[in-house]
Amino acid sequence: AAGVIQSPRHLIKEKRETATLKCYPIPRHDTVYWYQQGPGQDPQFLISFYEKMQSDKGSIPDRFSAQQFSDYHSELNMSSLELGDSALYFCASSLGSSGTQETQYFGPGTRLLVL
Amino acid sequence: AQKITQTQPGMFVQEKEAVTLDCTYDTSDPSYGLFWYKQPSSGEMIFLIYQGSYDQQNATEGRYSLNFQKARKSANLVISASQLGDSAMYFCAMRGAGSGGSYIPTFGRGTSLIVHP
């Protein structure tokens, strides 16, 4: 079965640079979530989109922005990167109309290292 | 606000034995879903099992079962017949129904499970 695809899988950037992470949800899934997971931490919710509109916002820095496109893929844009942005970034997709039963399926993650 | 508490930072179990990973939650939303995810050392997050707040029976998925005690607000994961490949970090998560609860999923801090031969 098709899973969530994230690219790139690994990314090394320097401070103050920009990065773009991409997420391709499971076919027919209309909701995308972005999470940041620091070493030894639980995933922290950043932002979500439902039907190409932002639905919820979590602890996403102002330096980050995201959008969901007409084909439902999503991109997380990160600018003025800081050392503390080094983390594993997950994208998850779900069928948003499932209510509380909505199960998120996670992609493999993008490991970002900021030097 | 929603909150998930996993009080066991680490657990050890011998291969082929059963193990219970604890999860308690707090929410004011009468309708919510509870989830368990497995994160092996490779990093990916793997969905294991789901329990709805109105489900009458405990969820089961193969060797995984969820011991749901609504009055105690607990949703413990039971892994039967542990295998070496079960060694991983396990996260409990919940999601409300919005409008009073929260659509934003909340994760616990995780429990590291080590299965030894």
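Anything mentioned here points back to the structure above.
Everything quoted here is computed from the prediction, not taken from an experiment. (Residues numbered from 1 in each chain as written. Chains lettered and ligands numbered in written order. Predicted model: local features only at pLDDT ≥ 70, side-chain atom pairs only at ≥ 80, totals over all residues. Heavy atoms only, no water.)

## Quick notes on the interface of chain A and chain B
Stage number 1. Facing 21 residues of chain A, the contacting portion of chain B comprises 23 residues.
Stage number 2. With both sides pooled, the region where chain A packs onto chain B buries about 1800 Å², and carbon together with sulfur makes up 56% of that total.
Stage number 3. Linking chain A to chain B there are one salt bridge.
Stage number 4. In this structure, the salt-bridge partner of A:Asp42 is B:Arg109, at a minimum N-O distance of 3.2 Å.
Stage number 5. Linking chain A with chain B are four residue pairs in polar contact (both at pLDDT 80 or more), by the criterion used here.
Stage number 6. Listing elements by their share of the side of chain A that touches chain B, those giving two or more residues are strand S4 (31–37), strand S6 (53–57), strand S9 (87–94) and strand S10 (105–106) of chain A.
Stage number 7. Of the residues forming the side of chain A that touches chain B, the biggest block, three residues, is contributed by S4(A).
Stage number 8. For the side of chain A that touches chain B, the per-class residue count stands at nine nonpolar, seven polar and five charged. (Contact = heavy atoms within 4.5 Å. Buried area = accessible area lost by both parts, 1.4 Å probe. Salt bridge = Lys/Arg side-chain N within 4 Å of Asp/Glu carboxyl O. Polar contact = N/O pair within 3.5 Å; in protein donor to acceptor, adjacent residues only side chain to side chain. Helix = DSSP H or I, 4+ residues; strand = E, 2+ residues; numbered from the N terminus. Nonpolar A, V, L, I, M, F, W, Y, C, P; charged D, E, K, R; others polar.)

## Considering the sheet that holds strand S3 (residues 19–24) of chain A
All names here are of chain A.
Stage number 1. The strand order across the open sheet built from four strands is S1-S3-S8-S7, with neighbouring strands paired in antiparallel fashion. A single partner strand is all that each edge strand has here, and the edge strands are strand S1 (5–7) and strand S7 (64–68). Strand after strand, the sheet turns through a mean of 15° between neighbouring axes, direction not considered. (Pairing = 2+ DSSP bridges. Axes fitted to C-alpha atoms, helices over the stretch in contact; angles between N-to-C directions.)

## Considerations on the state of the cysteines
Residues and elements named next belong to chain A.
Stage number 1. Enumeration over the complete set of coordinates arrives at two disulfides over all chains.
Stage number 2. A sulfur-sulfur distance of 1.7 Å marks the disulfide that ties Cys 23 to Cys 91. Taking the sign of the S-S torsion, -50° for the link of Cys 23 and Cys 91, the bridge is left-handed. Within this pair, whereas Cys 23 is found in strand S3, its partner Cys 91 is found in strand S9, the two being separated by 68 residues in sequence.
Stage number 3. Of the residues examined, Cys 23 reaches a relative accessible area of 0% and is grouped as buried. (Disulfide = S-S within 2.5 Å. Buried < 20%, exposed > 50% of the residue type's maximum accessible area, 1.4 Å probe, protein only.)

## Section: the environment of A:Ser59
All names here are of chain A.
Stage number 1. Relative to the elements of secondary structure, Ser 59 occurs in the loop between S6 and S7.
Stage number 2. As for Ser 59 and Phe 45, which are separated by 14 residues in sequence, their C-alpha atoms are 6.5 Å apart.
Stage number 3. Those residues in contact with Ser 59 that sit more than four places away from it in its chain are Gln 44, Phe 45 and Leu 46.

## Quick notes on the packing of aromatic side chains
Stage number 1. Summed over all chains, the structure comprises 17 aromatic pairs over all chains.
Stage number 2. Judged by centre distance (6.1 Å) and plane angle (85°), the rings of A:Phe106 and B:Phe107 are edge-to-face. Here A:Phe106 is found in strand S10, whereas its partner B:Phe107 is found in strand S11 (residues 106–107) on a different chain.
Stage number 3. Judged by its relative accessible area of 7%, B:Phe107 is buried.
Stage number 4. Ring plane angle 20° and centroid distance 6.5 Å describe the contact between B:Tyr25 and B:Phe68, whose orientation is recorded as stacked. Of this pair, B:Tyr25 sits in strand S4 (residues 24–26) while B:Phe68 is found in strand S8 (residues 64–69), placing the two residues 43 residues apart along the sequence.
Stage number 5. By relative accessible area, which is 4% here, B:Tyr25 ends up buried.
Stage number 6. Three or more aromatic residues joined by ring pairs form one cluster here, namely A:Tyr33, A:Tyr35, A:Phe45, A:Phe90, A:Tyr105, A:Phe106, B:Phe35, B:Tyr37, B:Phe47, B:Tyr50, B:Phe91 and B:Phe107.
Stage number 7. Over the ring of B:Tyr64 we find B:Arg63, and its NZ or CZ is 5.7 Å from the ring centre. (Phe/Tyr/Trp six-rings, centres within 6.5 Å; stacked < 30°, edge-to-face > 60°. Lys NZ or Arg CZ within 6 Å of the ring centre and 35° of its normal.)

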